[in-house]
Amino acid sequence: MSTQLDQLKQFTVVVADSGDFATIKQFAPRDATTNPSLIFKAAQMPEYKFLVDKAIADNKGKASGQELLSLVMDDLLIQFGSEILKIVPGRVSTETDADFSFDTDKLVAKGRRFISLYEKNGIARERVLIKIASTWEGIKAAEILQREGIHCNLTLLFSLAQAVACAEAKVTLISPFVGRIMDWYKAKEKKDFAPAEDPGVISVKEIYSYYKKFGYNTEVMGASFRNVGEITELAGCDLLTISPNLLAELQKSEAPLARKLSPEIARESKIEKIPLDEKKFRWLFNESAMATEKTAEGIRLFNADAQKLAQAIAAKL
């Protein structure tokens, strides 16, 4: 029998949710995603000290103070991404500054800068996804970058309204956060959910059905899983980004894994088209307490970890 991980790879692209190169090698995913929390964790590991040192050395003398820190931070993200691309055959996602989440111009500038740094490292833009939070401003920034051939991954996505806006903006990929949706409902309703009734799983199935039924090319990548059950319920989704501990669980199991999502099934869905402009988006987003709370919380948490990384680097400058 093949492992559940091998079975999953037959109909879903498996992506490693990690900044740790050894872990990524172990599970042989096609792509990898990073975020400020993962990079902060990895940058503190002795085996990656060389990347921090290189980012500092390459930028010393170019600037000073806050400007130097910003140059080093950007360079470090690209160093990690470049190393990851030596391991995976596909793409890496690199996250923009969380504190730019409501500033379209700054997000566009940062996306262009990241691509420029990658290209200086000899990496084609087709292998990079610029990660941006799914705010209205973030989605508009992604729309501009996509027109320039810069591929985007819209993250911190918790609602169909966000997903529809991303599809209309022709973004390459979205990352709906399964586990964090479940966390919110678990805390609110004071109960556990079986995988098939998991609100995060249901949300991703709805988004997947909407995209396939109405012919959008934007890929759906389920993210932020809390257990293997959530993953197996979404088998067949375009991509799933999975943490090392859950990848290990899938690798250890040889239980049969059935495909649950397919374009054919999705096209039979009764879901209706949602006409969307900025006002409608903001209203629908506001109507979901879960989506508004979890998006805001996610931006705050990513920013807090980015600040911790900045402090650690500043101490070395």
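Coordinates for the structure precede this section.
We now turn to the structure provided with this report. Since we're looking at a predicted model, the values are computed, not measured. (Residues numbered from 1 in each chain as written. Predicted model: local features only at pLDDT ≥ 70, side-chain atom pairs only at ≥ 80, totals over all residues. Heavy atoms only, no water.)

## Notes on the pattern of salt bridges
Oppositely charged side chains may form a pair once their charged atoms are brought near each other. As enumerated under the stated definition, the model contains 24 salt bridges in all. Its salt-bridge partner being Lys 49, residue Asp 53 comes within 2.8 Å of it at the nearest N-O pair. Highlighted residues: Asp 53 and Lys 49, both in helix α4 (residues 49–59), separated by four residues, approximately one helical turn. The partner of Lys 110 in a salt bridge is Asp 97, and the shortest N-O contact between them spans 2.8 Å. One end of the pair, Lys 110, is in helix α6 (residues 104–120); the other, Asp 97, is in the loop between β3 (92–95) and α6, and 13 residues separate them in sequence. Lys 110 sits in the buried class, given a relative accessible area of 7%. (Salt bridge = Lys/Arg side-chain N within 4 Å of Asp/Glu carboxyl O. Helix = DSSP H or I, 4+ residues; strand = E, 2+ residues; numbered from the N terminus. Buried < 20%, exposed > 50% of the residue type's maximum accessible area, 1.4 Å probe, protein only.)

## A short note on the environment of Ile 39
When you line up the elements, Ile 39 lands in helix α3 (residues 36–43). Look at Ile 39 and you get buried, because its relative accessible area is 1%. If near-sequence neighbours (up to four positions away) are discounted, Ile 39 is found in contact with Thr 34, Leu 77, Phe 80 and Leu 309. (Contact = heavy atoms within 4.5 Å.)

## Things to note about the nonpolar core
Judged by nonpolar contacts, the single largest core of 105 residues is most densely connected at Leu 8, Ile 174, Tyr 211 and Ile 242. Per-element accounting of this core gives the leading share, ten residues, to helix α5 (residues 65–84). Ignoring anything within four residues of it in the chain, the contact list for Tyr 211 reads Ala 163, Val 164, Cys 166, Ala 167, Ile 174, Tyr 216, Thr 218 and Val 220. Of all hydrophobic cores here, the second largest spans five residues; its members include Val 15, Leu 173, Met 221 and Leu 239. (Core = buried A, V, L, I, M, F, W, Y, C linked by side-chain atoms within 4.5 Å.)

## With respect to the packing of aromatic side chains
One pass over the full model with this rule turns up ten aromatic pairs. When the centroid spacing of 6.0 Å and the interplanar angle of 10° are considered together, the rings of Tyr 210 and Tyr 216 count as stacked. Between the aromatic rings of Phe 281 and Phe 285, the centroid separation amounts to 5.8 Å while the plane-to-plane angle is 20°, which identifies the pairing as stacked. Placement of both Phe 281 and Phe 285 in helix α14 (residues 278–287) is noted, with a separation of four residues, approximately one turn of the helix. The class of Phe 281 is buried, set by a relative accessible area of 1%. Here the guanidinium or amino end of Lys 273 rests over the ring plane of Phe 214, the centre of that ring lying 5.7 Å away. (Phe/Tyr/Trp six-rings, centres within 6.5 Å; stacked < 30°, edge-to-face > 60°. Lys NZ or Arg CZ within 6 Å of the ring centre and 35° of its normal.)

## What about the environment of Gly 298?
With respect to the helices and strands, the residue Gly 298 is situated in helix α15 (residues 289–314). By relative accessible area, which is 0% here, Gly 298 ends up buried. Residues Gly 298 and Thr 33 lie 265 residues apart in sequence; the distance between their C-alpha atoms is 16 Å. Sequence-distant contacts of Gly 298, defined by excluding residues within four places in its chain, comprise Leu 156 and Arg 180.

## Structural notes on the side chain of Ser 134
Structurally, Ser 134 is set in the loop between β4 (128–133) and α7 (136–147). Among the polar contacts made by the side chain of Ser 134, one reaches the main-chain carbonyl oxygen of Thr 155 at a distance of 2.8 Å. For Ser 134, the residues in contact, after removing those within four places along its chain, are Ile 139, Leu 154, Thr 155, Leu 156, Leu 157, Gln 162, Cys 166 and Phe 281. (Polar contact = N/O pair within 3.5 Å; in protein donor to acceptor, adjacent residues only side chain to side chain.)

Any functional reading would require information that these geometric values do not contain.
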